Amino acid sequence: MCGRYALTLPHEAMVQLFAAAPSNDLPEGPRFNVCPTTQVPVVTAAEGERRLRPMRWGFLPQWYKSPTDGPLLINARAETVAEKPAFRTAIRERRCLIPATGFYEWTKADGQRLPWYFHPREGEALAFAGLWQDWGPEDLPTCAIVTCSAGSTMAEIHHREPVTLDPADWALWLGEAGHGAATRMRAAPKGRLTRHRVSTKVNSNRVEGPDLIDPLIDEDDR
């Protein structure tokens, strides 16, 4: 799964990277501890134009009467996304890119959750494969990150990982370049990601700051 990530790129850098027109109400950054239900920048495409716009991380199906009416859908499994009632229309019609600079996953030892930070081996940014939907009478934009079985870099830590897309596949995923997006829902190739242990401070969703992604040096990280 993907339940926490970092996004340290300025708005201007994301606009340039994704060739997208920015909304005026993008969430402020940098953010080293992006949590579910918060507003996150998302890239969508329609009528020949890309937009960088804010969305709630936590997909809300149309039948939810309130945001807490059912499970919190922050991830969508690649293996079943086309079949699940919550996602099957969105995966065909409303795919998006969710910018990130890295993400967290946890192992357990002696009853403690130990965080790892995954980030690109080269370059500054990742693009998660996402899907989105407007919800409710106010058309609240919401999104989820597509996940798949873990690749070699992730498998020792967790059995799932977020789908990260090559820049060459962005147009295909956004529906700008024909069909075949489903074939891109796969683990990162060996060498794209690297990882290191980080402080358990990131276990709290109330903590922020650049030290959250620093490599852990002292064994007593608390």
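Remember, predicted model here, so these are calculated numbers, not experimental data.

Participant: Before we go on, may I ask you to explain the overall build of the chain in this structure?
Facilitator: Across its full length, the chain holds three helices and 13 strands. Whereas a compact globule of 222 residues would reach a radius of gyration of roughly 17 Å, the chain reaches 17 Å, a difference of no more than 12%. Seen through its C-alpha atoms, the chain measures out along the principal axes to roughly 50 × 40 × 35 Å. By the burial criterion, 50% of the 222 residues in the chain qualify as buried. Here the analysis covers contacts within the chain between residues at least 6 apart in sequence; of these, 66% occur between residues at least 24 apart. When the accessible area of the chain is evaluated, it comes to approximately 11100 Å², of which 50% is carbon and sulfur surface. Averaging the coordinates of the 26 positive side-chain charges in the chain and doing the same for the 28 negative ones gives two points 6 Å apart.

Participant: Mind showing me how you'd approach the sheet that holds strand E9 (residues 112–120) here?
Facilitator: Pairing within the open sheet is antiparallel, and its five strands lie in the order E3-E1-E8-E9-E13. Every interior strand has two partners, whereas the edge strands, strand E3 (31–34) and strand E13 (193–197), have only one. Strand-to-strand twist across the sheet, computed as the mean angle between neighbouring axes with direction ignored, equals 30°. In this structure, strand E8 (residues 102–109) lies alongside E9, joined through seven bridges in antiparallel fashion. In the strand pairing of E9, Ala-109 is matched with Gln-112.

Participant: Please clarify how the nonpolar core should be interpreted in this entry.
Facilitator: When a protein is soluble and globular, its nonpolar side chains tend to lie buried together. Judged by nonpolar contacts, the single largest core of 57 residues is most densely connected at Tyr-5, Phe-87, Leu-97, Phe-103, Phe-128, Leu-131 and Trp-173. The greatest single-element share of this core, amounting to seven residues, is contributed by strand E10 (residues 126–135). Look past the residues within four positions of Trp-173 in its chain and what remains in contact with it is Ile-91, Arg-95, Cys-96, Leu-97, Ala-129, Gly-130, Val-146, Leu-165, Ala-181 and Met-185. In terms of nonpolar packing, the next biggest core, distinct from the first, is built from eight residues, Phe-32, Trp-106, Val-202 and Leu-212 among them.

Basis of the calculations
- Residue positions are given per chain, counting from 1 as you read along its sequence in written order.
- Local features are withheld for residues below a pLDDT of 70 in this predicted model, meaning they are given only at 70 or higher, and side-chain atom pairs are given and counted only at 80 or more; totals for whole chains, interfaces and linings count all residues.
- Excluding hydrogens and water, the side-chain figures rest on all heavy atoms present in the structure.
- Per the convention used, a helix needs a DSSP run of H or I reaching at least four residues, while a strand needs a run of E reaching at least two, with both numbered from the N terminus.
- The reference for a compact globule is 2.2 Å times residues^0.38; the radius of gyration itself is calculated from the C-alpha atoms.
- Accessible area is worked out with a 1.4 Å probe on protein chains only. A residue is then buried under 20% of its type maximum, exposed over 50%, and partly exposed in between.
- By the convention used here, residues are in contact when the closest approach between their heavy atoms is within 4.5 Å.
- Residue burial considers only the protein chains on display, and all accessible areas are found by Shrake-Rupley using a 1.4 Å probe.
- In summary, the charge assignment counts Lys and Arg as positive and Asp and Glu as negative, without counting His or the chain termini.
- Where a charge sits is defined by one atom per residue type, namely NZ (Lys), CZ (Arg), CG (Asp) or CD (Glu).
- The criterion for strand pairing is that DSSP finds at least two bridges linking the strands in question.
- Helix axes are fitted to C-alpha atoms over the stretch in contact, other axes to C-alpha atoms as well, and angles between N-to-C directions run from 0 to 180 degrees.
- Take the buried residues of types Ala, Val, Leu, Ile, Met, Phe, Trp, Tyr and Cys, join any two whose side-chain atoms come within 4.5 Å, and each joined set is a nonpolar core.

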